[in-house]
Structure formats: C-alpha cells, structure tokens
Amino acid sequence: MSGRRKFLKKAALGTVGLSALYTNTSLAKDTVLTSEKYGTNIAKNPLIISTWNHGLAANQAAWDTLKKGESGLSAIETGLKISEADPKVRSVGFGGLPDREGKVTLDACIMDQNSDCGSVSFLQGIKHPISVARKVLEDTPHVMLTGQGALNFALSKGFKEENLLTPESEKAWKNWLEKSKYQPVINIENHDTISMLIIDAEGNLTGGCTTSGAAWKMHGRVGDSPIIGAGLFLDNEVGAAAATGLGEAVIRTAGSAMVVELMRQGKSPNEACKEIVERIYNKHKNHKDMPYLQVGFIAVNKQGEYGGYSLRGGFNYAVCDDEKGNRMEKPGSKMTWKD
C-alpha cells in the first residue's frame with residue numbers, strides 16, 4: 001500500500017507539472033499577460049520592442065514590413081531608418097547633436113538569427129548608418145567598419161554623402177561652446193539611442209541599434225551601440241537584449257551579452273535586465289560617472305517574454321504585437337534622479 005500511495009502521489013504531481021507546462025505554453029502563444037510575481041510580459045509572436053518614445057514610429061514601420069512577409073533584417077532596417085531620418089530625434093542620425101568639434105558621428109549595428117552581424121562606427125555624412133551596417137553584414141567578411149573606411153564602403157555601395165548637422169543642432173552646439181563643459185545628459189528629454197528587437201512569427205530573433213552618441217563627446221569617441229555584446233546581442237536559441245544610456249558603462253560590463261546569458265540560465269527578461277543593471281550600479285556607485293549615469297536594457301526570450309529595467313527612472317520602451325497593438329510601457333528602475 002505504501003508503494004502504491006507513493007506512486008499515485010508522484011503521478012499526481014507529474015500531472016500537475018504537465019498541466020502547468022501546457023498552460024504556460026498556451027499562454028505564450030495565445031495571449032498577452034503580466035505576471036504579478038515575476039513582472040513577466042508574454043506576447044504572441046511576432047513581437048517588436050524598441051527603446052524610447054520614438055520607438056513607436058519605428059515599431060510601426062517595422063511591423064508593416066513584417067506583415068508584408070519581409071525578413072526581420074528588413075524590418076529592423078526599415079524601422080530604425082525612421083528615427084535616423086527624423087531631425088526632431090536629436091540623439092539619432094540626421095539632426096543628431098554633434099561632438100565637441102561640431103561633427104555628427106554615427107554608430108549602428110544589426111544582427112540576425114544566424115548570429116551574422118554588421119556594424120559601423122564613427123561614420124560621418126551618411127544619413128542611414130543602419131543600412132550601411134546591414135551591407136557590412138551581407139557584403140563583407142567583416143563585422144565592423146569604422147571612420148573613413150566605413151564612409152568609403154558606404155559610398156562604394158551607392159550611399160550619398162550629406163550634411164547631417166541641422167541648424168537647430170548647430171545652434172545647440174554653439175551655445176554649448178560658450179562654456180564647453182562636458183557632462184552627458186541622458187534621458188532628460190526622454191530619448192537616446194534607439195535599439196530594436198524582433199521575434200518573428202516563426203520565433204526567430206533579429207536586433208539593431210543606431211545612434212549619434214553622446215552630445216559633445218570627444219571627436220572619435222565610440223559608444224556601446226555598434227559593439228556586438230555591449231549595445232546588442234542575441235542568441236537565437238535563447239533570446240535577445242539591447243541597451244541604451246551611457247555607453248561606457250555598458251561596454252565595461254558587456255551588458256547585452258550578459259543579459260542573454262542570464263536568460264540562458266533561466267531568468268526572465270525582466271530579471272536578467274535587472275541583475276545587469278544592479279551589476280552596473282555596483283561597479284559605478286563610487287565612479288566619476290555616477291552623478292549622471294543612466295543605463296537601460298530591453299530583452300525578449302524565445303518564449304515571447306519581454307521586459308526591461310533601468311538604473312534611474314524615466315526610461316520607457318515601445319512594444320508592438322497583434323494583441324495590444326503599438327504602445328509604450330514603463331519598466332522598473334533601481335533609483336530616481338534624486339538618489
């Protein structure tokens with residue numbers, strides 16, 4: 001009798017486990033929900049998530065591209081080009097705030113489900129660095145081209161060189177020159193690098209980043225956005241992550257790659273983003289960058305769970321799926337700007 005009771009107990013527990021697994025799988029495919037315990041968001045594929053308010057317009061363009069049956073790479077490129085071409089988005093592409101010498105220098109990268117990637121850094125005079133990064137992925141044996149080499153490559157591919165410094169950004173630069181005090185101002189106007197992650201209808205991942213970098217940076221400075229493993233990383237067996245904020249802090253911790261590795265270990269996107277933000281905080285709490293430090297991450301896993309987390313409040317991200325459409329969501333944060 002004792003053996004039979006143990007068998008029945010194990011069978012019952014096994015049935016409960018299978019039931020829970022079946023329920024969770026069904027939810028991941030069919031509904032959108034929020035788990036109060038873990039703060040996990042689950043969405044039906046396809047799913048697009050991108051950083052900041054200007055992610056809404058980028059998401060819509062990417063979504064329309066996916067719905068036409070085009071690839072995740074094409075959707076990423078099409079979406080991020082919206083921000084790159086908008087002079088009102090002064091942290092990306094055309095109209096971006098320049099460096100200390102008044103030069104608009106651009107960084108971008110793109111990565112696909114096969115872990116193929118392309119990147120450009122310190123690129124000048126080309127409105128759409130994300131498109132050049134895609135050409136690096138598709139047409140070269142390399143991952144990154146930089147500076148004059150990146151420009152020469154872009155021109156060889158038919159891109160047109162143009163002035164990216166708008167009158168508004170030039171005026172801001174000249175005002176800054178009066179004091180020439182360098183201190184990154186990140187997040188105050190609710191925009192920064194745009195990073196985008198896509199999980200398509202088949203569950204395959206794609207990601208991209210594009211930025212004009214920190215305003216008034218030293219000429220030649222490159223942030224995290226074009227660096228695979230820092231500003232962007234994905235593993236099609238696990239998930240994808242991308243960063244925004246002060247690039248130096250993300251580079252020091254290989255931030256996006258670490259978020260993906262934590263998801264590999266079983267953490268949800270929210271949990272993984274939070275743990276890496278905590279790591280960045282611990283490494284920088286006595287650092288000279290701390291008074292103005294902001295870093296945020298977004299992430300999505302193969303189950304369609306997505307999330308994000310930031311060091312300081314104010315960070316948000318745009319999400320687009322079939323169930324709830326295109327909307328803004330606000331992740332958790334460790335601290336406020338007053339802390």
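In case you missed it, the structure is sitting above this.
First, a word on what this report is: a plain description of the structure on this page. On a predicted model such as this, the values are computed, not experimentally measured, just so you know.

Some points on the state of the cysteines
Okay, so step 1: In total, this model carries zero disulfides according to the counting rule given.
Okay, so step 2: In this structure Cys109 is a free cysteine whose sulfur lies 4.5 Å from that of Cys209, the closest cysteine sulfur available.
Okay, so step 3: Of the residues examined, Cys109 reaches a relative accessible area of 0% and is grouped as buried.

Observations regarding the nonpolar core
A general tendency of soluble globular proteins is for nonpolar side chains to be buried together.
Okay, so step 1: Membership of the largest hydrophobic core comes to 31 residues, with the highest contact counts inside it found for Ile48, Val120, Val132, Met196 and Ile198.
Okay, so step 2: Secondary-structure elements contributing two or more residues to this core are helix 2 (55-67), helix 3 (72-85), strand 4 (105-111), strand 5 (117-124), helix 4 (129-139), helix 5 (147-156) and strand 7 (194-199).
Okay, so step 3: If one sorts the elements of this core by residue count, helix 4 sits on top with five residues.
Okay, so step 4: Excluding residues that lie within four positions of it along the chain, Ile48 makes contacts with Asn59, Ala62, Trp63, Leu66, Met196, Leu197, Ile198, Ala318, Val319 and Cys320.
Okay, so step 5: Core analysis: the next-biggest nonpolar cluster, separate from the first, contains 25 residues, Ala243, Val259, Met263 and Phe297 among them.

Some points on helix 9 (residues 269-284)
Okay, so step 1: Relative to the 22 Å expected for 16 residues at 1.5 Å per residue, helix 9 spans 23 Å between its end C-alpha atoms, a close match to the ideal helical length.
Okay, so step 2: For helix 9, every residue scored as buried is listed here: Pro269, Asn270, Ala272, Cys273, Ile276, Val277, Ile280 and His284. The arc enclosing the buried residues of helix 9, seen along the axis, measures out at 170°, which places them on a common side.
Okay, so step 3: At its buried positions, helix 9 is contacted by strand 2 (41-42), helix 7 (247-253), helix 8 (255-264), strand 11 (295-301) and strand 12 (305-312).

Description of the packing of helix 2 against helix 3
Okay, so step 1: Here helix 2 crosses helix 3 at 150°, and the two axes come no closer than 7 Å. Classified by the interaxial angle, the pair formed by helix 2 and helix 3 is roughly antiparallel. For the pair helix 2 and helix 3, the sense of crossing is right-handed. Facing helix 2, whose interface residues are Ala57, Ala58, Ala61, Ala62, Thr65 and Leu66, helix 3 presents Gly72, Ser74, Ala75, Thr78, Gly79, Ile82 and Ser83.
Okay, so step 2: For the contact of helix 2 with helix 3, a count of residues per class yields seven nonpolar, six polar and no charged.

Some words on helix 4
Okay, so step 1: By the criterion of burial, helix 4 is predominantly enclosed, with eight of the eleven residues buried.
Okay, so step 2: Among all positions in helix 4, only Pro129, Ile130, Ser131, Val132, Ala133, Arg134, Val136 and Leu137 are buried.
Okay, so step 3: Of the surrounding secondary structure, the elements contacted by the buried residues of helix 4 are helix 3, strand 4, strand 5, strand 6 (144-146), helix 5 and strand 8 (205-211).

What about the environment of Gly308?
Okay, so step 1: Mapped onto the fold, Gly308 is located in strand 12.
Okay, so step 2: Accessibility expressed as a relative area gives 2% for Gly308, which makes it buried.
Okay, so step 3: Linking Gly308 and Ala243, residues 65 residues apart in sequence, is a C-alpha distance of 9.5 Å.
Okay, so step 4: Apart from the residues within four sequence positions on either side, Gly308 is in contact with Asn270, Cys273, Phe297, Ile298, Tyr317, Pro331 and Gly332.

A few points about the sheet that holds strand 13 (residues 317-321)
Okay, so step 1: Pairing in this open sheet of eight strands is mixed, and the strands run 6-5-4-8-7-3-13-14 from one edge to the other. Two strands bound the open sheet, and with one partner strand each, they are strand 6 and strand 14 (325-329). Ignoring strand direction, the axes of neighbouring strands in this sheet form an average angle of 10°.
Okay, so step 2: Sheet topology places strand 13 next to strand 14; five bridges connect them, and they run antiparallel. Residue pairing for strand 14: Asp321 is matched across the bridge by Gly325.

Cut-offs and rules
Residues numbered from 1 in each chain as written. Predicted model: local features only at pLDDT ≥ 70, side-chain atom pairs only at ≥ 80, totals over all residues. Heavy atoms only, no water. Disulfide = S-S within 2.5 Å. Buried < 20%, exposed > 50% of the residue type's maximum accessible area, 1.4 Å probe, protein only. Core = buried A, V, L, I, M, F, W, Y, C linked by side-chain atoms within 4.5 Å. Helix = DSSP H or I, 4+ residues; strand = E, 2+ residues; numbered from the N terminus. Contact = heavy atoms within 4.5 Å. Expected span 1.5 Å × (residues − 1). Arc of directions from axis to C-beta. Axes fitted to C-alpha atoms, helices over the stretch in contact; angles between N-to-C directions. Parallel < 35°, antiparallel > 145°, perpendicular 65-115°, else oblique. Left-handed = near helix turned anticlockwise from the far one by under 90°. Nonpolar A, V, L, I, M, F, W, Y, C, P; charged D, E, K, R; others polar. Pairing = 2+ DSSP bridges.

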